[in-house]
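Results of the structural survey
Here are the chains, one letter per residue:
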Amino acid sequence: MTLSAYLALALILFCIGLYGALTKRNTVIVLICIELMLNAVNINFVAFAKYGAHPGVHGHVFALFAIAIAAAEAAVGLAALIAFYRNRKTVQVDEANSLKH
Amino acid sequence: MSFLSLLVFSPLLGIILLAFVRRTDTKTIQWLGTAATVPPLLLALFAFIRSGSGFRLEQLDESYDWVRLANLPFFTDAAYVIRYELGIDGLSLLFIVLTAVLGTLAAVASLLIKVEKKGYFMWLLALEIGMLGVFAAANFIWFFLFLEVTLVAMFLLVGKWGGFERERAAYGYLLYNGLGSALLLVVIAVLVARTGTANFALLHETLHNPVAEGQLIAPLTAEARYWLLGGLLLAFAVKLPAVPLHRWLVRVHVEAPPPVVMLHAGVLLKIATYGMIRFGIGLFPDEFRAFAGAIAVLGVINILYGALLALRQRELKHVLAYSSVSHMGVVLVGLGALNEAGIQGAVFQSVAHGLIAALSFLLVGVLANRIGTTDIHRLGGLAKAMPIFSGYLLTAALALLGLPGLAGFVGELTAFLGLFETKPALAAAGALGLIFAAVYSLRAILDITFGHTRERYESTLGLRGAKESAASVSEPRVIDLQAKEAVPAFVLVALIVAVGVYPQLLAEPLATVLETMMNGLGG
Amino acid sequence: MMNLAWVVPLFPLCSFALLLLFGRKWKKASAYVGIVATLLSLLAALGVLAGRLGGTTYEANWTWMQIGDVTLTAGFSVTALNAWMLVVVAFVSWLVHIYSQGYMAGDERFSTFYAYLGLFTFAMLGLVLSPNLLQAYIFWELVGLGSFLLIGFYFYKEEAKAAAKKAFIMTRIGDVGFFIGMLLLFWQTKSFDYDDIFRAVGDGTLSPGMTTLTAILIFIGAIGKSGQFPLHTWLPDAMEGPTPVSALIHAATMVAAGVYLVAALFPLYEASEAAMMTVAVIGGVTAIFAATIGLVQTDIKRVLAYSTISQLGYMMLALGSGSYVAAIFHLTTHAFFKALLFLAAGSVIHAVHTQNIEEMGGLWRRLPWTAPLFLVGALSISGVPLFAGFFSKDEILAAAWLNGSVELFWLAVAAALLTSFYMFRLFFLVFTGEARHDGDAHEAPMSMVGPMVVLGVLSVASGYIQTPWFGSFLGEWLTDGAYHHEAAPGWIAVVATIVSLVGILLAWLMYGKRTVPRDWLSARAPHGYELLRRHYYVDDFYRWTVVALVSFISRLLAYVDRYLVEGIVRLVTGTVSAAASAGSRGQNGQAQTYGAVTVAGLAILVVIFALTGGYWL
């Protein structure tokens, strides 16, 4: 019962993230939404580590890893975004098409 | 180095040397490109002459491991090997000689090519390697590899050095032949997977003794054999081409540079004949019998359809293209007869048409070069200005319509001789094609060479590019065939006459191959 | 000597090859190459004939091509028939070679002309020597080639071009019949050799139906080549060629090849009643049919051309009536007198530079050699007694009578009447009356007159090799002594004589003395006259039926090719490229779209997974 609650939360969170990542045109929002999805995953990790079939410490470790990598990724992503913004004066995703044309 | 590998790959030397020549040095390129086609010619002729004096061609077989895939899960054998195997018999030898001869002549005729000569010759030589390899391969995988080499080389030669609609023609070529090859690949894959070998001789043995000892995989079911043969025939029908899969041929004939068409009409179409005989009749004789009637009917349709369409064309190249369709119908007629005369006729017709088509397109190249058009309605009375050229053109027309004493007749005679044994009524219908052949070839050639020398060229001059017309204004007289063009034409005419007068020349090397095949059919 | 018979055709072949290579350099000397080569041929042919006189039939064969166990051979044979034909052909060819030296003098392509003559003579001699059907077919087509090249000799004339093309195609139609018949025979008898075929006919290997079928198919070839109805229309047009060519090819030799072929295959024909009947009827019909057209032509060569067709019809009639000897006899005499007539006509044309007989007249004095020689030829072809034509025509009439076909007999008699009428119409219009042309006409040089004189002598003398009075040399020779002359009723000769004299008389009344107005016939039956003048509309009939049909089918197929076949291809390529462009619309470079597609795909997979409850495979 408790597990289901956690999973439901993670699912909702993931879907919100996914929706945002797929539909928003502002890159910052997209990045935030990706963070939301990562956090949904983290919730799953921790929930399963506590209430799963084989409770243990592995899930916690993975969650920590994910947080660390998400931070790094956010840093790189935002750096790239800022570079892009300086160049093109925009942060819209669909305007990042200079390779296409 | 072994003989056959040398024969097949010797043009490679030319490609390598050409790479070091400056692209503007057209004289050296022409010279080197032509010289590179001579070694295979000499080697092929050597083999041909030796085989005439009792030399056994099997001695030339080569076989090496090429790819060794060890410990694959689905093959319980220790290793699965793809071998590099070359080997020839009388049938392939004829085609190899044809390829080598036409290769050299096409290289000589490439004098007319002015643009990007270096790349042109490199691809031309690659094409020759591919064609020689197709006939020399003793192994399905290598057959296919060489076939694809010709496909790519031909695609580029048409697409880059062709006429106004070259790209369309090249893509058409690629589309049809690519699909044909894909089908062929499926058949090859199934065969190899089912029998564990790609070697022709082993395949032959395996298919004929389905329960041979040591064979791992269950023999092909009867139904599977029909499907495989059907696939094979369809793949080669595209390459032949059989109506209604012929449209690509018409475009390629018209758009490709004439020396390339010499090779294309002369050799590439014949791969289909070779494939149908070697794989169709050779590997699936019993199943082929079931298809024979349909093939003969298709052949007659090809003959009449091509001939009737050739009647109406305005463009000489179109006439020749449809005449190719018609002549390839004779090949099908021979195969459909499925007796010795028929198969021999199919081979003869292939060789004969190779020579005749090469001659025709050699002359078409000269015509386009001199007058700037090959439109029949714009030409007339050329025999006055270009008597020697017209003489050759007339010879080509007579060869096309199957005049006895020239090669074409021998092919038609033997092929029809075959069909008259098995299906006389059908053969009689096909023989009507002989009348149409006379009509279309004489109409086209006489309109060009005979009649009034009206100043029809004047009007064509206006339509040509400014540079060209300027050149011809300063040089108002049309130049007749020159020595360097007349030599290949003369060689071709000599060969056409030789085959026509003494066909035993071709029948000799074929005899043993035919005997084996008839044994297969009779069994 | 007979074992060397193969050299006979070789000389003209050498002449052809040499003149093709060096003719441009030799120019006028080319004529001597040709003349010497044919003279050598003639001498060799005479040697062969002499050898055959003392010996029997000789045959030699070599392998030409092997097909499995079957060996096709090439070779030559010397029988009575072909030894005789060799001499006739070589002789006429030699005379024409000499004549052409004068006639073609000054032509730009003088050497080419001689080269073509050489090629033709080679092919014709080769045809005669052939021991089997296949080889005969090969040379059969090659003589057609020679004819084609020579008809189209004046290639810059549109008419010559059309005539050459027509000649080749019309004879090709016949040849295909020959081809089919030949191949059918091969599978019945397993051989192309005449002897094997006759053996098969004799021992019944060949069923009667098959015999008739193949005989008629091969006869179609003869119809084409010998200008028989209904494939005759090319022969009058072939008169576009130089006149010596008309004499050699379209009068004396090639057109007689059809007759020769049927004669060479005579045992095959004899075995089939229906085939014999076909040959006889076609021959008889052609004889009268062409003769009527000949009545109203105004071109001197066309009159002679229709007369040739008519005479060839006579020969076919003789063959069909079972008289092989009469046909060959008439073939021989016809070769001489028709060659003479053509050469004389050439001499006239040479003198007045026109072929229209309305523009000639009064040439008797101007052409002191040509005119009497033409008269000899005309008397001979009309069948006036003591001339060669009389004897050979008489044989044919007798044969037709003895064969029991009364209708054909009277048809032939009527044709004989017409023949003498139109020949003398020609004679009176050209040589008598007042001159209707400008400029003066000169007699031809001796190189042209000489051959005509020789032919003139032969047009009389050649009749005496087979007469009721001095014995049947030719008959005995051709049948190796087995010949027995069936006595024909004596009145036949009388009828023939009367008929020919009446024809001459009528012509004299109309065109010589002019007591009967010239438009007597055309005024009374204008439609009939028009019908004749337009050659019974045969050409128009072909144009509106066969030609129209073929070109309709061809046009139809062109549309099928362009729209249906190409359309299907377009449909396929169109579908593929439409699918491709639809696919590439998804490939828009937007990571978000890709993500959405990925999620959608994943969702579908999850749903499927959930529904099926596990892996399938």
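Residues numbered from 1 in each chain as written. Chains lettered and ligands numbered in written order. Predicted model: local features only at pLDDT ≥ 70, side-chain atom pairs only at ≥ 80, totals over all residues.

Observations concerning the domain arrangement of chain C
All names here are of chain C.
- As far as domains go, chain C holds domain 1 (1-131) and domain 2 (132-516).
- Inter-centroid distance (C-alpha atoms) of domain 1 to domain 2 is 22 Å.
- Counting residues at the interface gives 31 residues for domain 1 and 47 residues for domain 2.
- Contributing elements (two or more residues each) for the side of domain 1 that touches domain 2: strand E2 (70-78), helix H3 (80-103) and helix H4 (110-129).
- Sorting elements by how many residues they give to the side of domain 1 that touches domain 2 places H3 first, with 16 residues.
- Its residues assigned to classes, the side of domain 1 that touches domain 2 shows 24 nonpolar, seven polar and no charged. (Domains from an automatic or database assignment. Contact = placed C-beta atoms within 7 Å. Helix = DSSP H or I, 4+ residues; strand = E, 2+ residues; numbered from the N terminus. Nonpolar A, V, L, I, M, F, W, Y, C, P; charged D, E, K, R; others polar.)

Description of the interface of chain B and chain C
- On the side of chain C, 38 residues touch chain B, which itself brings 44 residues to the contact.
- Those elements giving two or more residues to the side of chain B that touches chain C turn out to be helix H12 (285-310), helix H14 (340-371), helix H15 (382-385), helix H17 (407-422), helix H18 (424-449) and helix H22 (504-522) of chain B.
- Looking at the side of chain B that touches chain C residue by residue, the class counts come to 30 nonpolar, nine polar and five charged.

Structural notes on the nonpolar core
- Formed by 432 residues in total, the largest nonpolar core has its most connected members in Met262 and Leu359 of chain B together with Ala412 of chain C.
- Per element, the largest residue contribution to this core is 20 residues, and it comes from helix H15 (residues 324-352) of chain C.
- Not counting residues within four places of it along the chain, the set of residues in contact with Met262 of chain B comprises Leu102, Leu105, Ala106, Ala109, Ala358, Phe361 and Leu362 of chain B. (Core = buried A, V, L, I, M, F, W, Y, C linked by C-beta atoms within 7 Å. Buried ≥ 20, exposed ≤ 12 C-beta atoms within 10 Å, placed from the backbone.)

Some words on the domain arrangement of chain B
Residues and elements named next belong to chain B.
- Taken domain by domain, chain B consists of domain 1 (1-248) and domain 2 (284-523).
- Contact residues are listed per partner, giving 23 residues for domain 1 and 29 residues for domain 2.
- Of all the elements, helix H4 (residues 90-109) adds the most residues to the side of domain 1 that touches domain 2, at nine residues.
- For the side of domain 1 that touches domain 2, the per-class residue count stands at 17 nonpolar, four polar and two charged.

Concerning the interface of chain A and chain C
- On the chain C side, the residues contacting the seven residues of chain A number six residues.
- When grouped by side-chain class, the residues that make up the side of chain A that touches chain C number four nonpolar, one polar and two charged.

Details of the arrangement of the chains
- Counting contacts across all two pairs of chains found in contact, the highest total belongs to chains B and C.
- Chain A makes no contact with chain B; the smallest distance between any of their C-alpha atoms is 25 Å.

Description of the confidence of the model for chain C
Residues and elements named next belong to chain C.
- With 97% of its residues at a pLDDT of 70 or more, chain C has an overall mean of 85.
- Model confidence for chain C, summarised as mean pLDDT per element, is weakest for strand E4 (residues 471-472) at 72 and strongest for helix H5 (residues 133-151) at 91.
- With pTM at 0.86, the complex prediction returns an ipTM value of 0.88. (pLDDT = per-residue confidence, 0-100.)

Describing the packing of helix H1 (residues 2-23) of chain A against helix H25 (residues 591-612) of chain C
- Running from N to C, H1 of chain A and H25 of chain C point in directions that differ by 140 degrees, and their axes come no closer than 8 Å. The pairing of H1 of chain A with H25 of chain C is recorded here as oblique in orientation. Here Leu18, Ala21 and Leu22 of chain A of H1 of chain A come into contact with H25 of chain C, specifically with Gln592, Gly595, Ala596 and Val599 of chain C.
- Per-class residue counts for the contact of H1 of chain A with H25 of chain C are five nonpolar, two polar and no charged. (Axes fitted to C-alpha atoms, helices over the stretch in contact; angles between N-to-C directions. Parallel < 35°, antiparallel > 145°, perpendicular 65-115°, else oblique.)

As for the packing of helix H16 (residues 370-382) of chain C against helix H19 (residues 446-461) of chain C
Residue and element names in this part refer to chain C.
- In the contact formed by H16 and H19, the axes pass within 9 Å of each other and the chain directions differ by 30 degrees. Between H16 and H19, the interaxial angle falls into the category roughly parallel. As for the relative orientation of H16 and H19, their crossing is left-handed in sense. Of the residues in H19, those touching H16 at Thr370, Leu373, Val376, Gly377 and Ser380 are Met452, Val453, Gly456, Ser459 and Val460.
- Partitioned by chemical class, the residues of the contact of H16 with H19 number five nonpolar, five polar and no charged. (Left-handed = near helix turned anticlockwise from the far one by under 90°.)

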